[in-house]
There are 4 protein chains.
Amino acid sequence: MTVTSVKKYQTQQSFESDPSAYLGKPEPGLRERLFVIIFEADTRAGKVFDFGLIAAILISVFVVMLDSIQAISERHGLALHRIELIFTIAFTLEYIARLSCVRHPIRYATSFFGVIDLLSIIPTYAALFIPELHSLIDLRLLRLLRMFRLLKLTQYVEEYTMLVQALVASRRKIFIFLSVVVIIVIFNGTLLYVIEGGPGTNFSSIPTSVYWAITTVTTVGYGDVAPISSAGRAVASFTMLIGWSILAVPTGIITTEMTVQRVGNRLTTRTCPECLTSGLDADANYCKRCGTGLPPYQQE
Amino acid sequence: MTVTSVKKYQTQQSFESDPSAYLGKPEPGLRERLFVIIFEADTRAGKVFDFGLIAAILISVFVVMLDSIQAISERHGLALHRIELIFTIAFTLEYIARLSCVRHPIRYATSFFGVIDLLSIIPTYAALFIPELHSLIDLRLLRLLRMFRLLKLTQYVEEYTMLVQALVASRRKIFIFLSVVVIIVIFNGTLLYVIEGGPGTNFSSIPTSVYWAITTVTTVGYGDVAPISSAGRAVASFTMLIGWSILAVPTGIITTEMTVQRVGNRLTTRTCPECLTSGLDADANYCKRCGTGLPPYQQE
Amino acid sequence: MTVTSVKKYQTQQSFESDPSAYLGKPEPGLRERLFVIIFEADTRAGKVFDFGLIAAILISVFVVMLDSIQAISERHGLALHRIELIFTIAFTLEYIARLSCVRHPIRYATSFFGVIDLLSIIPTYAALFIPELHSLIDLRLLRLLRMFRLLKLTQYVEEYTMLVQALVASRRKIFIFLSVVVIIVIFNGTLLYVIEGGPGTNFSSIPTSVYWAITTVTTVGYGDVAPISSAGRAVASFTMLIGWSILAVPTGIITTEMTVQRVGNRLTTRTCPECLTSGLDADANYCKRCGTGLPPYQQE
Amino acid sequence: MTVTSVKKYQTQQSFESDPSAYLGKPEPGLRERLFVIIFEADTRAGKVFDFGLIAAILISVFVVMLDSIQAISERHGLALHRIELIFTIAFTLEYIARLSCVRHPIRYATSFFGVIDLLSIIPTYAALFIPELHSLIDLRLLRLLRMFRLLKLTQYVEEYTMLVQALVASRRKIFIFLSVVVIIVIFNGTLLYVIEGGPGTNFSSIPTSVYWAITTVTTVGYGDVAPISSAGRAVASFTMLIGWSILAVPTGIITTEMTVQRVGNRLTTRTCPECLTSGLDADANYCKRCGTGLPPYQQE
């Protein structure tokens, strides 16, 4: 993969690829310096800010996790809440700073990361009124997705792009595959509901039976819902073998896509201007079908 | 994959590929217009009908699932039954319409989709006499398989065809593989029955032990039947490791098939007699480098 | 894969490949006719015998499985035992016939299938004295391995040979891989024994803990032995992620082997007689390293 | 893989690759003979010592495992402890011998295997004061990693090197992949804690919920922690399907890497300037078809 193709891939994303253009880099001055630090990671200050932000998110998530353990919460609850409050105030200030240093604050507020940034500070304030909402604070974990923006600046960029492209190129096959899985899962779930189901049994309703079927086809197999009759176990055995077999399909899809990206660079969309045969080799001088001379190949 | 090969694949299927030819398109008139709407999806009305049908099937399956949840059934049971009855009447009318607008109604009634269409309306009527049969109504889920016919008209056709072809090409290998799995599963199941089995134990009979072995080899592992003795656990450990190892085999089969379809059909040793360029595609008529006409390709 | 290479593979097996040569085909006469029917499958009678034998084995295994179900055994036990006795007598006669129609009976009796044939009839007789041994009768299931001999005569031969060759070619990699798994499993099992173990707990001994580790690494996860402490669960989480990651390794090994067999037929062991560079292409005229002219390539 | 590339790989490891250079081979004499036996495996005595050492480690681990089973410990405890003591003393002597026969004992003591060698003898002595530490003796299992050094001398070297290289080449992709898994697991775990959690429930804290999520995503599925509410089961179903789908990613990464190593390094567009043969190997000096000397290969 050349640098050009990586760049092209990045421009397909509106916000992450180039925040300056999308959100509007402000006039030179204090706001512009803030923008460079917060939204960009090319300067030293920008990198320090980004790595510091990721560290802050990780610590703050860790604090919330600790607080959920009853034994720890009872002893150190107050301290943990104070630490959390400090982080929330810091994130709030950061959110305000982000809003204030861009030309189009609405664009930022409605962007993917803008919404996540807001969601990561709301729960602490909301918990003042409705305590149950407090745990939602872990939504700020989603802010870690920013991490993948940093990856683009490092030696991980090629691997990251390749993984994403393999998934993107496979999306239609995976969609077809998941449709088949959904039909199998509902069908087998219903079958077991008919065989073993009824109020008071393990398979108390069709949704529960479908949950069992998903559990089985994905080979997770909790065992909280499991067949006890001979007929039910026969259907379950069949479901397991099906699940096992089709487990091979998504693996095959992804693997093939990755292999083609690595090995099969001969696959192009080059097309003969005369007979419209497509998929001509990059090094071809003549169309393999009609023998017409071809213009030189231009890769993007 | 070219359009030609997709078409060739489709003609191998009798009904789905070309209902006009198989079921007999009627004389121009009302019946013919009905035929085009119901059986074909190339016109606007045909597409609307097909997408509407899929929506109706999904909603009707969803209603049956809701009805199986006791809490909902007790409160909204009557409404749900009425909705279901309406759908069943609609599907019955559709079934009659399908029968009436083809030249060979018997061919449709005995075709795969004809049987499924009938099976999807019988349970509601049968439940009037035998209430237990009511849940079988989810058989109408199988009607969703029509969805894959629609896929053929969209940009999913290539992915769909490729997935099906990879499975078709692998069918013999998968059959051999499943035979080995069946032998392993019966053998290990019996072994554990000998070691731990007997009335009152977890492994109460050989079929139950085989069910356990399937559970284990497929790595589902419910845990409802599990060994408790040292010898049983040793055999179980061995069974798990075997299952894990042979899990790789179906994946390998499918992946290889897909990779060969994507990359492999281009690897030949065909060589241009004029400029000695080798590795020419199997379907080339002219050398891609010098434009010389090629003799027909002869595979061993 | 050409017919020649399949044959070559078969001659590596001593008994199955050519029973006539190994066991000694008798002089023409009654014994020779018996030999052709029993040991060979090229004549009509031979095929009928082989398919009949497989059917008999399947039915006899099915009878034993039925007999292990208490409810059925109580009602139809006597009938089932009689059917089983008939099959055992038939298999005994077959065993005697096999012994009597070969020139080297000892070779047959000590061959893999000779031992299995004997093991499949002993349990019924042994059960007359020690009833517990009765279930071992399912050892006769191993006789189904004969099925794979029949596969060689059908259109499955290529798929069968390819699967076996992929496994054979991967055996060293799989051995190394299993060594690593064994070390991981013992190590993690011991770790959990140290953390949670002791008399009366789930992890009552190191072998039990290793059983748990195998359960976890293979993603079977019965749940009959599971950690309850925080430290134990942390180690368990780590074990799961390791198991999940190395699950990819055997799949990769097998898949690569299969792909190479299908696509990578350019991989040869052809060696330059001058500089001893190996792996030269099948279509090369000159050594790619030293430029020496090569003798024509001869594939086996 | 040529011998050269294997050697090159080995020099990247400091200790294992060449203990003579790193630890300092002593002057000729008794110490040098000891060094050759203990640290090298090229002489007959060295091989005997290494295989004997591996046998001793295996037996000593087996003794500890037996001792952990209460029934055996009660009856044969004293004997087992004596055997273990003998092995520990032997390993202690070996450790002292290793220290004494190298020029830089500190380098050995701080090397990976030096630390493991020390850790494998400490627990027996420590258990004299703190009995609980006794089970840690299984740390000596890690000494079996020496086994892989022996593999280098055998016919397994190519397979071993290939497996290690595939993993090394995939490390960045696997790191990115595991980051995504960690985010998914914490996010889904927290979600279920919000839905079902609280003191006294299965999901008693966020770490416990994350443990459940890891259990689910890796398809282990113990079932000791499992959702019981409808919303919880819906989220669990979603988690399972995600886990199942991304299971394909590490497999794809490893498989592609292995395939590229086997097949892919031969696919180039390098062309002979004389006869225009294309697809020449990257390491070729002469055209394989016409024997012309080739200019050095320039990869982009």
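Look up a bit, the structure's there.
### Describing the packing of helix 3 (residues 30-39) of chain D against helix 4 (residues 44-68) of chain D
Residue and element names in this part refer to chain D. Between helix 3 and helix 4, the least distance of the axes is 7 Å, while the angle of their chain directions is 50°. With respect to helix 4, the element helix 3 is oriented oblique. Contact residues: helix 3 offers Val36, Ile37 and Ile38, while helix 4 offers Ala45, Gly46, Phe49 and Asp50. Taken together, the residues of the contact of helix 3 with helix 4 sort by class into five nonpolar, one polar and one charged.

### A short note on the interface of chain C and chain D
Across the boundary between the two partners, chain C contributes 59 residues, which contact 62 residues of chain D. Roughly 5500 Å² is buried in total at the junction of chain C and chain D, and carbon and sulfur atoms are behind 67% of that figure. If you sort the residues of chain C by the area they bury against chain D, Arg172(C), Trp244(C) and Lys288(C) come out on top, with a joint share of 15%. Residues Arg233(C) and Asp224(D) are paired through a salt bridge, measuring 3.9 Å at the closest nitrogen-oxygen approach.

### Notes on the packing of aromatic side chains
All names here are of chain A. In the structure shown here, the tally under the stated rule is 20 aromatic pairs over all chains. With a centroid separation of 5.3 Å and an interplanar angle of 75°, the aromatic rings of Phe112 and Phe113 are classed as edge-to-face. Among the residues examined, Phe112 registers a relative accessible area of 51% and is labelled exposed. Looking at Phe113, the relative accessible area reads 6%, which means it is buried.

### Concerning the packing of helix 12 (residues 230-246) of chain C against helix 12 (residues 206-217) of chain D
Axis separation between helix 12 of chain C and helix 12 of chain D bottoms out at 10 Å; the angle between their running directions is 20°. By the angle class used here, helix 12 of chain C and helix 12 of chain D are roughly parallel. For the pair helix 12 of chain C and helix 12 of chain D, the crossing hand works out as left-handed. Residues Arg233(C), Ala236(C), Ser237(C), Met240(C), Leu241(C) and Trp244(C) of helix 12 of chain C form the contact with helix 12 of chain D, whose participating residues are Thr208(D), Tyr211(D), Ile214(D), Thr215(D) and Val217(D). Among the residues making up the contact of helix 12 of chain C with helix 12 of chain D, the classes are represented as seven nonpolar, three polar and one charged.

The rules we used
Throughout this description, residue numbers start from 1 for each chain and increase along the sequence as written. Both sets of labels track the order of writing: A upward for chains, 1 upward for ligands. Predicted model: local features are reported for residues with pLDDT of at least 70 only, side-chain atom pairs are reported and counted for 80 or more only, and whole-chain, interface and lining totals are derived from all residues. For side-chain calculations, the full set of non-hydrogen atoms in the structure is used, while hydrogens and water are omitted. Between N-to-C directions, angles cover 0 to 180 degrees, with each direction set by a line fitted to C-alpha atoms, over the stretch in contact for helices. Runs of H or I in DSSP of at least four residues are treated as helices and runs of E of at least two as strands, each being numbered from the N terminus. For classification purposes, angles smaller than 35 degrees are called roughly parallel, those larger than 145 roughly antiparallel, those between 65 and 115 roughly perpendicular, and all remaining angles oblique. Only heavy atoms enter the contact rule, under which two residues are in contact if any of them lie within 4.5 Å. Classes in brief: Ala, Val, Leu, Ile, Met, Phe, Trp, Tyr, Cys and Pro nonpolar; Asp, Glu, Lys and Arg charged; the others, Gly included, polar. Two parts placed together each lose some accessible area under a 1.4 Å probe, and the buried area is that loss summed for both. For this analysis, a salt bridge means a side-chain nitrogen from Lys or Arg found within 4 Å of a carboxyl oxygen belonging to Asp or Glu. By convention, a stacked pair of Phe, Tyr or Trp rings (six-membered ring in the case of Trp) has centres within 6.5 Å and planes under 30 degrees apart, an edge-to-face pair has planes over 60 apart, and any other such pair is tilted. Only protein chains enter the accessibility calculation, which uses a 1.4 Å probe; a residue whose area is less than 20% of its type maximum is buried, one above 50% is exposed, and one in between is partly exposed. Note on convention: near helix rotated counterclockwise from far helix by under a right angle means a left-handed crossing. Clockwise means right-handed.

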